[in-house]
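Here's the letter readout for the chains.
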Protein chains: 2
Amino acid sequence: MSDFHSYQNPALTTDLVVFGYQGKTLSVLLLNRKSEPFKNGWTLPGAFVGLQETFSEACRRILASKLGLPSIYLEQLYTFDGPQRDPRGRVVSVAYFALVSQGKLNAVAGQMANDVRWFPVNEIPELGFDHRLIFDTALERLRAKIRYQPVGFELLDEKFTMPELQDLYESILGFPIDRRNFRRKLLDVGFVQPTGDKTEGLQHRPADYYTFNKQLHPQHFHLNL
Amino acid sequence: MSDFHSYQNPALTTDLVVFGYQGKTLSVLLLNRKSEPFKNGWTLPGAFVGLQETFSEACRRILASKLGLPSIYLEQLYTFDGPQRDPRGRVVSVAYFALVSQGKLNAVAGQMANDVRWFPVNEIPELGFDHRLIFDTALERLRAKIRYQPVGFELLDEKFTMPELQDLYESILGFPIDRRNFRRKLLDVGFVQPTGDKTEGLQHRPADYYTFNKQLHPQHFHLNL
DNA sequence: CCAAAAGTGTTTGCTTTACACCCATGT
DNA sequence: ACATGGGTGTAAAGCAAACACTTTTGG
């Protein structure tokens, strides 16, 4: 990383937009930088990618080291190659976005590196490089994608209730949805299946648990919410 | 390109999937290679990208040299980084897809390099590298995109008739559409505007000409065809 | 028995689909 | 006048949206 400009090809990095959903809030993982450029500022987690590594492998490596989470949902987002995006020189970033569920997150809570923090998507601080653009692109993609692919489940536990799922959809999409219509639509499409058990210990009527139907063809189906 | 492996970063290329629509057929531009690897085989046009150039600039350069077409619709598709995708070593390709209209194509017909040819999308020969995968990805993207963004117009002339537009949609989507419903939907959404003039010299009733409504917000709107 | 949140059906309006006849032009 | 392909409206069905009351639990 020192003799940056001696390479004949642009340097390659990957940057990660990791979304998590906790306490009815959609959040993103940010990294507090310890070195220049943008020292002490916030950026997306990322890393240089070497000759022997694919971008998704590099992402897994970052996820494992920062979160102890090697296996979560990961998808290529876009490649950013503005010539001025990195003050050190020409760096091309292949950005990915990842979704992490509450359950997986709790299971490894202690392993999270202490220079990373979750920020609600409405309270993102100023970001270094072009990471604000990358973040915006990722959020837009997530919002579009949740309408026609079952990615919401990646942000919840294996078992979840309809109100939980609906809260998630509402916080991602940003508008309220009718409870009865929401439930009917998801069941009609075959997204979810009842497990048979219910919540317990709450001071009100228990909610039925559902799971995501993994038999479903991974095709597009519009939810029209 | 000779001391390929001496770089410390993977080499970067861009590959282009250029779609054209001629004679009611959607076609793709392929290049007949004059050198190894895949000598005399067909591939997508592409080029190495240097330190001083962005990917989209490299695409424009290829489009200009192969087609004499510097300004056509261009969009980043996906980044392909399989470690074995190029037999020469580690090469990462940021693929783009482009759409070229009949009119622009005719205007520069003579300038097309003689090692490139149009192939109907149903008659693609075997392709070198991972270009079959890139092509499939591009066609899938175009099919999805035409349903909610006005990209079809990029493949037609400035002025076009409803039957022309419908033929285009049918050849991209691969199924027939009701003539009356198609017309009504496009007019309702505000995609197109009548110009007032009509076709001439045909042996049947003239068709009204329309243009794409460029005032339309570039947002998503589902056509639900 | 009260508070809190979850479960459940029906009606209305809108969007989508299906469908057939007349019209303008050139020969 | 005929052959060719383009233009137009309506009715039926399916889908989405709006809406309120009953149920289960814990305190």
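Residues numbered from 1 in each chain as written. Chains lettered and ligands numbered in written order. Predicted model: local features only at pLDDT ≥ 70, side-chain atom pairs only at ≥ 80, totals over all residues. Heavy atoms only, no water.

For chain A, an unreviewed UniProt entry supplies the name NUDIX domain-containing protein and the organism Chitinophaga caseinilytica.

Attention now goes to the protein's contact with DNA strand D. Near DNA strand D lie 23 residues; those nearest to it are Leu 202 and Arg 205 of chain A together with Arg 179, Arg 183 and His 204 of chain B. A breakdown of the atoms of DNA strand D within 4 Å of the protein gives sugar and phosphate a share of 42%. One nitrogen or oxygen atom from the main chain of Gln 203 of chain B is found 3.3 Å from a base oxygen belonging to DNA strand D. At 2.7 Å, a backbone N or O of Asp 208 of chain B approaches a phosphate oxygen of DNA strand D. Considering every element that reaches the surface near DNA strand D, the biggest residue donor is helix H5 (residues 179-189) of chain A, with five residues. (Near = heavy atom within 4 Å. Polar contact = N/O pair within 3.5 Å; in protein donor to acceptor, adjacent residues only side chain to side chain. Helix = DSSP H or I, 4+ residues; strand = E, 2+ residues; numbered from the N terminus.)

Moving on to the pattern of salt bridges. With the rule as written, the count across this model stands at 28 salt bridges over all chains. Linking Arg 90 of chain B and Asp 81 of chain B is a salt bridge whose minimum nitrogen-to-oxygen distance equals 3.8 Å. What makes Arg 90 of chain B buried here is its relative accessible area of 10%. Connected through salt bridges with shared partners, the residues Asp 15, Arg 85 and Asp 130 of chain A form a single ionic network. (Salt bridge = Lys/Arg side-chain N within 4 Å of Asp/Glu carboxyl O. Buried < 20%, exposed > 50% of the residue type's maximum accessible area, 1.4 Å probe, protein only.)

Residues and elements named next belong to chain B. Overall, antiparallel pairing links the three strands, which are arranged S8-S10-S9 in an open sheet. Edge positions in the sheet fall to strand S8 (160-161) and strand S9 (192-198), since each has one partner strand and no second. The pairing of S8 with strand S10 (residues 208-212) spans two bridges and is antiparallel. Pairing of Thr 161 across the sheet is with Tyr 209, part of S10. (Pairing = 2+ DSSP bridges.)

Attention now goes to the relation of the copies chain B and chain A. Note on the identical chains: chain B maps onto chain A by a rotation of 180° and an axial translation of 0.0 Å, with an RMSD of 0.0 Å. Both copies are brought into coincidence by an operation consistent with a two-fold rotation axis. Of the interface residues in chain B, 96% have counterparts in chain A that sit at the interface too, so the contact is made through matching surfaces. (Least-squares fit on C-alpha atoms with pLDDT ≥ 70 in both. Contact = heavy atoms within 4.5 Å.)

Looking now at the interface of chain B and chain A. Many descriptions give the size of an interface as the accessible area lost when the pieces come together. Listed as interface residues are 23 residues of chain B and, on the opposing side, 22 residues of chain A. For the pair chain B and chain A, the summed buried surface comes to about 2,200 Å²; carbon and sulfur atoms form 54% of the total. Per-residue buried area on chain B facing chain A is highest for Asn 9, Leu 51 and Gln 76 of chain B; these three make up 26% of the total on that side. At the boundary of chain B with chain A, the tally comes to zero salt bridges. For the pair chain B and chain A, the number of links is eleven residue pairs in polar contact (both at pLDDT 80 or more). (Buried area = accessible area lost by both parts, 1.4 Å probe.)

Looking now at the packing of aromatic side chains. Using the criterion set out here, one finds 18 aromatic pairs over all chains in the structure. Note on Tyr 78 of chain A and Phe 80 of chain A: the rings are 5.2 Å apart at their centroids and 65° apart in plane angle, and the pair reads as edge-to-face. A residue is classified by how much of its surface remains accessible, and Phe 80 of chain A, at 6% relative accessible area, is buried. Seen from their ring centres, Phe 153 of chain B and Phe 160 of chain B are 5.4 Å apart, and the 45° between their planes marks the pair as tilted. Side by side, Phe 153 of chain B and Phe 160 of chain B carry an identical accessibility label, which is buried. One aromatic cluster is present, formed by Phe 153, Phe 160, Phe 191 and Phe 212 of chain A through successive ring pairs. (Phe/Tyr/Trp six-rings, centres within 6.5 Å; stacked < 30°, edge-to-face > 60°.)

Let us now look at the domain arrangement of chain A. All names here are of chain A. In terms of domain boundaries, chain A breaks down into domain 1 (4-136) and domain 2 (152-212). At the interface, eleven residues of domain 1 touch nine residues of domain 2. At the boundary of domain 1 with domain 2, total buried surface from both sides reaches about 870 Å², with 61% on carbon and sulfur atoms. Looking only at domain 1, the three residues that lose the most surface to domain 2 are Tyr 21, Leu 26 and Leu 99, adding up to 51% of its buried area. For the interface between domain 1 and domain 2, the tally reads one salt bridge. One salt bridge connects Lys 24 with Asp 167, and the closest N-O pair in it is separated by 3.0 Å. At the level of elements, strand S1 (11-22), strand S6 (91-100) and helix H2 (102-107) are the ones that each hand at least two residues to the side of domain 1 that touches domain 2. (Domains from an automatic or database assignment.)

Turning our eyes to something else, we now look at the UniProt feature "domain: Nudix hydrolase" (unreviewed entry) in chain A. The positions that UniProt labels "domain: Nudix hydrolase" (unreviewed entry) are, in the present scheme, residues 13-130 of chain A. With 16% helix and 39% strand, residues 13-130 of chain A has end C-alpha atoms that lie 13 Å from one another. (UniProt positions renumbered as here; feature names shortened; annotations may be inferred.)

Turning our eyes to something else, we now look at the environment of Tyr 96 of chain B. Residue and element names in this part refer to chain B. The topology assignment puts Tyr 96 in strand S6 (residues 91-100). Overall, the relative accessible area of 6% leaves Tyr 96 in the buried class. Along the sequence, Tyr 96 and Asn 181 sit 85 residues apart, while their C-alpha atoms lie 33 Å from each other. Discounting chain neighbours no more than four positions away, the residues touching Tyr 96 are Thr 14, Asp 15, Leu 16, Val 17, Phe 55, Ser 56, Cys 59, Leu 74, Glu 75, Gln 76 and Leu 77.

Further remarks concern the sheet that holds strand S9 (residues 192-198) of chain A. All names here are of chain A. Taken in spatial order, the three strands make up an open sheet running S8-S10-S9, and their pairing is antiparallel. For this open sheet the edge positions go to strand S8 (159-161) and S9, each flanked by a neighbour on one side alone. Taken pair by pair, the neighbouring strands of this sheet meet at an average axis angle of 45°, ignoring direction. Strands S8, S9 and strand S10 (208-212) of the sheet are contacted by helix H4 (residues 162-173), whose axis makes an angle of about 80° with S8. (Axes fitted to C-alpha atoms, helices over the stretch in contact; angles between N-to-C directions.)

All names here are of chain B. Position of His 131 relative to the elements: it lies in helix H3 (residues 131-145). On the accessibility criterion, His 131 (2% relative accessible area) is buried. The sequence separation of His 131 and Ser 56 amounts to 75 residues, and the corresponding C-alpha distance is 18 Å. With residues near it in sequence (within four places) discarded, His 131 still touches Asp 15, Thr 43, Leu 44 and Arg 85.

This part takes up the UniProt feature "domain: NrtR DNA-binding winged helix" (unreviewed entry) in chain A. UniProt records the feature "domain: NrtR DNA-binding winged helix" (unreviewed entry) for residues 152-212 of chain A in the present numbering. Taken end to end, residues 152-212 of chain A comprises 38% helix and 25% strand; its first and last C-alpha atoms sit 10 Å apart.

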